[in-house]
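Summary of structural features
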Amino acid sequence: MRYVTVEEMRALEANSDYFGVTYGMLMENAGRKAAESIIALYKKCRVLVVCGTGNNGGDGAVVARLLVNAGYNVMVILLGRVGQVKPGPALVNLEIARGMDIPVIEAATPGQIPEEAFAECDLIVDAILGTGFHGIPREPARTAIRLINESKAHKVSLDLPSGLDANTGECVECVCPDLVIAFHAPKKGLERYRVEVVDIGIPEKALTHTGPGDLIGLKTRSDFVEKGGGGRLLVIGGGPYTGAPTFTALAAYRSGAEIVTVAAPRRAASIIASFSPDLIVRPLSHEDFIVREDIPTLKKLIERHHAVAVGMGLGREPETLAAVKEILPLCERVVIDADALQPDMPLHGIITPNVHEFERLSGEHLGPNDDAAEKVKAFSAKNGLVTLWKGSPAVVSDGNVAKVNSTGNAGMAVGGAGDVLAGIVGAFYCRNPAYKSACAAAFISGAAGDMAFEDKGYGMMASDMLNMIPYAVKKYWPRKEK
Ligand SMILES: NC(=O)C1=CN([C@@H]2O[C@H](COP(=O)(O)OP(=O)(O)OC[C@H]3O[C@@H](n4cnc5c(N)ncnc54)[C@H](O)[C@@H]3O)[C@@H](O)[C@H]2O)[C@@H](O)CC1
Ligand SMILES: [K+]
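Note that the coordinates shown come from a computational prediction; the quantities given were computed from them, not determined experimentally.

Criteria and thresholds
Here the residue numbers are simple positions, counted from 1 along each chain's written sequence. Lettering for chains starts from A, numbering for ligands starts from 1, and both go in the order in which the items are written. At least 70 in pLDDT is required for a residue's local features to be given in this predicted model, at least 80 for side-chain atom pairs to be given and counted, and no such filter applies to totals for whole chains, interfaces and linings, which use all residues. Heavy atoms throughout the structure, all of them, feed into the side-chain values; hydrogens and water do not. UniProt positions are given in the numbering used here, feature names are shortened, and annotations may be inferred rather than shown by experiment. Runs of H or I in DSSP of at least four residues are treated as helices and runs of E of at least two as strands, each being numbered from the N terminus. Three exposure classes are used, based on accessible area relative to the maximum for each residue type with a 1.4 Å probe and protein chains only: buried under 20%, partly exposed in between, and exposed over 50%. Pairing between strands is defined by DSSP: at least two bridges between them are needed. Each domain span listed reflects an automatic or database assignment of domains. It only takes one pair of heavy atoms within 4.5 Å for two residues to be counted as in contact. Once two parts are joined, some of their accessible surface, as seen by a 1.4 Å probe, is lost; buried area is that loss totalled over both. Only a single heavy atom is needed: when it lies within 4 Å of a molecule or strand, its residue is near that molecule or strand. Two N or O atoms form a polar contact when they lie within 3.5 Å of each other; inside protein one atom must be a possible hydrogen donor and the other a possible acceptor, and for residues adjacent in sequence the pair counts only when both atoms belong to side chains. Values of accessible area rely on a 1.4 Å probe in the Shrake-Rupley scheme; residue burial ignores everything except the protein chains shown. Nonpolar cores are built from buried Ala, Val, Leu, Ile, Met, Phe, Trp, Tyr and Cys residues. Side-chain atoms within 4.5 Å join them into one set. Coordinating N, O and S atoms are those within 2.8 Å of the metal (3.2 Å for Na, K and Ca), and as water is not part of the atoms, a site may appear to have fewer donors than expected. Four donors are marked tetrahedral only if all angles between them lie between 85 and 135 degrees, whereas four are marked square planar and six octahedral if opposite donors are more than 155 degrees apart and the other angles lie between 65 and 115; the remainder are marked irregular. Salt bridges are identified by distance alone: a Lys or Arg side-chain nitrogen within 4 Å of an Asp or Glu carboxyl oxygen.

1. Concerning the UniProt feature "domain: Rhodanese" (unreviewed entry) in the protein
- Feature annotation in UniProt places "domain: Rhodanese" (unreviewed entry) on residues 41-93, given in this structure's numbering.
- Helix makes up 40% of residues 41-93 and strand 23%, with an end-to-end C-alpha separation of 24 Å.

2. Details of the pairing of strand S16 (residues 386-389)
- Side chains Val 386 and Leu 388 of S16 all project onto a buried face; the interleaved residues Thr 387 and Trp 389 project onto the opposite face, where all are buried too.
- With two bridges connecting them, strand S15 (residues 350-352) and S16 associate as parallel partners. Counted as the bridge partner of Ile 351 is Thr 387 from S16.
- Of the pairings in the sheet, the one linking S16 to strand S17 (residues 395-397) comprises three bridges and is antiparallel in character. By the bridge assignment, Leu 388 is partnered in S17 with Val 396.
- Hairpin connection of S16 to S17: five residues between the antiparallel strands.

3. Things to note about the domain arrangement of the protein
- According to the domain assignment, the protein consists of domain 1 (6-208) and domain 2 (212-476).
- Summarising the inter-unit geometry, the C-alpha centres of domain 1 and domain 2 are found 44 Å apart.
- Counting residues at the interface gives 10 residues for domain 1, matched by 13 residues for domain 2.
- Here domain 1 meets domain 2 over a buried area of about 800 Å², counting both sides, of which 56% is carbon and sulfur.
- Sorting the residues of domain 1 by area buried against domain 2 places Glu 7, Tyr 18 and Thr 208 first, and these three jointly supply 54% of that buried surface.

4. Quick look at the site of ligand 1
- The immediate surroundings of ligand 1 are formed by 23 residues, with Tyr 23, Asn 56, Asp 59, Gly 130 and Asp 159 found nearest.
- Within the side chain of Lys 86, one N or O atom sits 2.8 Å away from an oxygen atom of ligand 1.
- A distance of 2.8 Å separates a nitrogen atom of ligand 1 from a polar atom in the backbone of Arg 138.
- When ligand 1 is considered free in solution it has 860 Å² of accessible area, and contact with the protein chains removes 88% of it.
- Those elements that place two or more of their residues in the shell around ligand 1 are helix H1 (6-18), helix H2 (23-41) and helix H3 (55-69).

5. Points about the nonpolar core
- In terms of nonpolar packing, the biggest core is built from 61 residues, with Val 420, Ile 444 and Ile 469 touching the most fellow members.
- Ranked by residue count, the leading element in this core is helix H14 (residues 434-456), at 13 residues.
- If you look at the next biggest cluster of nonpolar residues, it comprises 45 residues, including Leu 12, Cys 45, Val 82 and Ala 127.

6. Observations concerning the coordination of the potassium ion (ligand 2)
- Distances from the potassium ion (ligand 2) to its protein donors, Asn 56 (OD1), Asp 126 (O), Leu 129 (O), Leu 158 (O), Leu 160 (O) and Ser 162 (OG), fall within 2.7 to 3.1 Å.
- Around the potassium ion (ligand 2), the six donor atoms sit at angles spanning 70 to 173°, and that spread fits a shape best called irregular.

7. Details of the pattern of salt bridges
- For the structure on display, the rule yields 22 salt bridges.
- The partner of Arg 292 in a salt bridge is Glu 326, and the shortest N-O contact between them spans 2.4 Å. Placement of the pair is Arg 292 in the loop between strand S12 (280-283) and helix H9 (295-303) and Glu 326 in helix H10 (residues 318-327), with a sequence separation of 34 residues.
- A relative accessible area of 39% means that Glu 326 is categorised as partly exposed.

Written out as structure tokens, the structure is:
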């Protein structure tokens, strides 16, 4: 089984919690499965559970409680004060253990660790550090790891051997366990251990649907301190229509882009510029639509931005489409939308077709009982790109995996909603991988649409979605320390 990265695990846990199988339930499941494995392997004996102050320690507290229930003689060493324990399921389970008169020794420094406990036990459960660990073990974890390794007792590590960095698979000083009980899937670096993977009840939906977990690890402006680091998006659109590129550009700003430039034909450019002083608008050569003479200008603009969103409000003048055909290969990160989605276009990056545009591109009519995820995945694989299919619900795929969007509503079938979505995708894509950007954008766009619908029902407009984007981001963006 392929290992799961720390970020993937965080995302799965966050989506699991979002769909109702909470962090607390996951911890209970993890602890129960670990205790069951231990009871199957070791007859009743003296067990020392060494807990860290994070959720791995929380798992250890659940194991301690369940082994006591099964008649084992259990003692817990907490490497810190109870007051330092992560609030939430870990603290709850440590308090429960203490409340059950299980001896919990608090050892905040190496000197406070009762060394004799490591000699007077038959089995040690290593619940010090899990996927939240990185670097070199600090004290008192470091001493505890040494004492565990020097002990003659059997050792079982929860999720991974404490001291193994699951981001890199490396370990400088880590527990050498007889068995690792890994939760949900192995982490990187477990190849050299005896591992038992246990299911902790993460619902299938956490894997198949978007959720707040898809925002974990998404880079935003605050990750780039230098000016313009937050992402510079170029919007190439406008012509017969001026609202569409405007929605895309404003949505990108609302999603955290730092600089958004709109390149549009002259007349459209002056109208777009009049909508908002926030927009940097670059009028092109022709009055009404984009022409081949614009290519050198567009080339220069493309080079000065992290990503490009093209197609919104473009119109379908043959000369315009010919120009777009020439500039698409020049774009490293591109979101291709609306009129630019033509079968003979060199499509790549992320495409955001609605149902009709997808039909035009793939020749596939997706009816209500079609498996949209499979069709969109196949199309994405064949064309080597990421598709954000704007069905209801939307489906995102990179050709390998596919996710169904879990937010959004029928009120969003309103002019401009697709342009807003394209702007959110473009803003995220400036600084993030394509598939992650598309999943996160689908989720945030639908969440903003849900807030707008909550507020205005079917009277909502795309501009209401625009205003809700920052609130959706604030509501669902898991705090860094999770
Ligand atoms: N979040 C969840 O819903 C679940 C988490 N689970 C468990 O939670 C673990 C992840 O928990 P956390 O993210 O809280 O982190 P961990 O419990 O893995 O470790 C975090 C603790 O270690 C400390 N730490 C980090 N680097 C250190 C270093 N170099 N030296 C010493 N201490 C260090 C941190 O300050 C923190 O207190 C998983 O491995 C798994 O065991 C499971 O219960 C499944 C459910
Ligand atoms: K561990």
